[in-house]
Amino acid sequence: MSYGPDSGVHAYIREAFAAKALRLDIAYATNDVALQLALVAEGIGIALTSHASPVLAADPRFVVVPLEPAIRLRKVFVWRAGTRPSAPLRAFLDLWTELFE
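Described below are features of the structure shown in this document.

Thresholds, definitions, all that
Think of each chain on its own: its residues are numbered from 1, step by step along the sequence as written. It should be noted that, the model being predicted, local features are given only for residues of pLDDT at least 70 and side-chain atom pairs only at 80 or more, the latter also being counted only at that level, while totals for whole chains, interfaces and linings use all residues. Excluded from the side-chain calculation are hydrogens and water; included are all heavy atoms of the structure. Strands are runs of DSSP state E lasting at least two residues, helices are runs of H or I lasting at least four, and both sets are numbered from the N terminus onward. Here the globule rule is a power law, 2.2 Å times the number of residues to the power 0.38, and the radius of gyration is based on C-alpha atoms. Here, residues are in contact when the closest pair of their heavy atoms is within 4.5 Å. Per-residue and other accessible areas follow the Shrake-Rupley method at a 1.4 Å probe size, with only the shown protein chains counted as cover for residues. Charge assignment: positive for Lys and Arg, negative for Asp and Glu; neither His nor the chain ends contribute. One atom stands in for each charge, and that atom is NZ of Lys, CZ of Arg, CG of Asp or CD of Glu. Counted as a polar contact is a pair of N or O atoms within 3.5 Å, where, for protein atoms, one must be capable of donating a hydrogen and the other of accepting one, and residues adjacent in sequence contribute only when both atoms are in side chains. Relative accessible area decides the class of each residue, using a 1.4 Å probe on protein chains only: under 20% of the type maximum gives buried, over 50% gives exposed, and in between gives partly exposed. For this quantity, the arc is that covered by the directions from the helix axis to the C-beta atoms. A patch consists of residues exposed above 30% relative accessible area that lack any salt bridge, with like charges linked at up to 9 Å and nonpolar side chains (Val, Leu, Ile, Met, Phe, Trp, Tyr) linked at up to 5 Å. What makes a salt bridge here is a side-chain nitrogen of Lys or Arg within 4 Å of a carboxyl oxygen of Asp or Glu, nothing more.

It is worth spelling out the overall build of the chain at this point. Of regular secondary structure, the chain possesses four helices and zero strands. The secondary structure elements of the chain, listed N-terminal to C-terminal, are α-α-α-α. A compact globule built from 101 residues should have a C-alpha radius of gyration of about 13 Å, whereas the chain, at 18 Å, is more than 25% larger. For the chain, the spread of C-alpha atoms along the principal axes amounts to about 50 × 35 × 25 Å. Residue pairs in contact within the chain that sit at least 24 positions apart in sequence constitute 45% of those at least 6 positions apart. Working note: accessible area of the chain is about 8,200 Å², and carbon and sulfur atoms make up 61% of it. Side chains of the chain give 10 positive and 10 negative charges; the mean places of these two sets differ by 5 Å.

What follows covers the environment of asparagine 31. Along the polypeptide, asparagine 31 turns up in the loop between α1 (8-19) and α2 (33-41). Spatially, the C-alpha atom of asparagine 31 lies 8.7 Å from that of threonine 49, the residues being 18 residues apart in sequence. Of note is the side chain of asparagine 31, whose polar atom sits 2.9 Å from the side chain of aspartate 6.

Among all positions in α2, only Gln36, Leu37 and Leu39 are buried. The buried residues of α2 occupy an angular sector of 160° when projected down its axis, which confines them to one face. Capping of α2 at its N-terminal end is provided by aspartate 32; its side-chain oxygen lies 3.0 Å from the backbone amide nitrogen of alanine 34.

Attention now moves to a nonpolar patch on the surface. On the surface, Phe77, Trp79, Phe92, Leu95, Trp96, Leu99 and Phe100 cluster together into a nonpolar patch covering about 750 Å² of accessible area. Secondary-structure assignment places tryptophan 96 in helix α4 (residues 87-99).

By the secondary structure assignment, aspartate 59 is in the loop between α3 (54-58) and α4. Aspartate 59 sits in the buried class, given a relative accessible area of 13%. A polar contact is formed between the side chain of aspartate 59 and the side chain of arginine 61, at a distance of 2.6 Å.

Written out as structure tokens, the structure is:
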């Protein structure tokens, strides 16, 4: 199980497998981490999923193996077109720029 084609992670996973000439068979794709974990808990398969789920640490039914190297994805800020950034958003963007220049 893995993320669906509408997820940015999906393309990254496919590219990583292709780069190593490995075959990737995803029997079930969903972006819903809770559903991925529910299916794993029922013994239906294994999942490449988010490490951020608090269920992973709390549920003894799961074996969790971190990916090495870790998957790093670009993130973006998005807001509705045609609107000026609000004062809080402008302050956040200014702070972000200052921190990472």
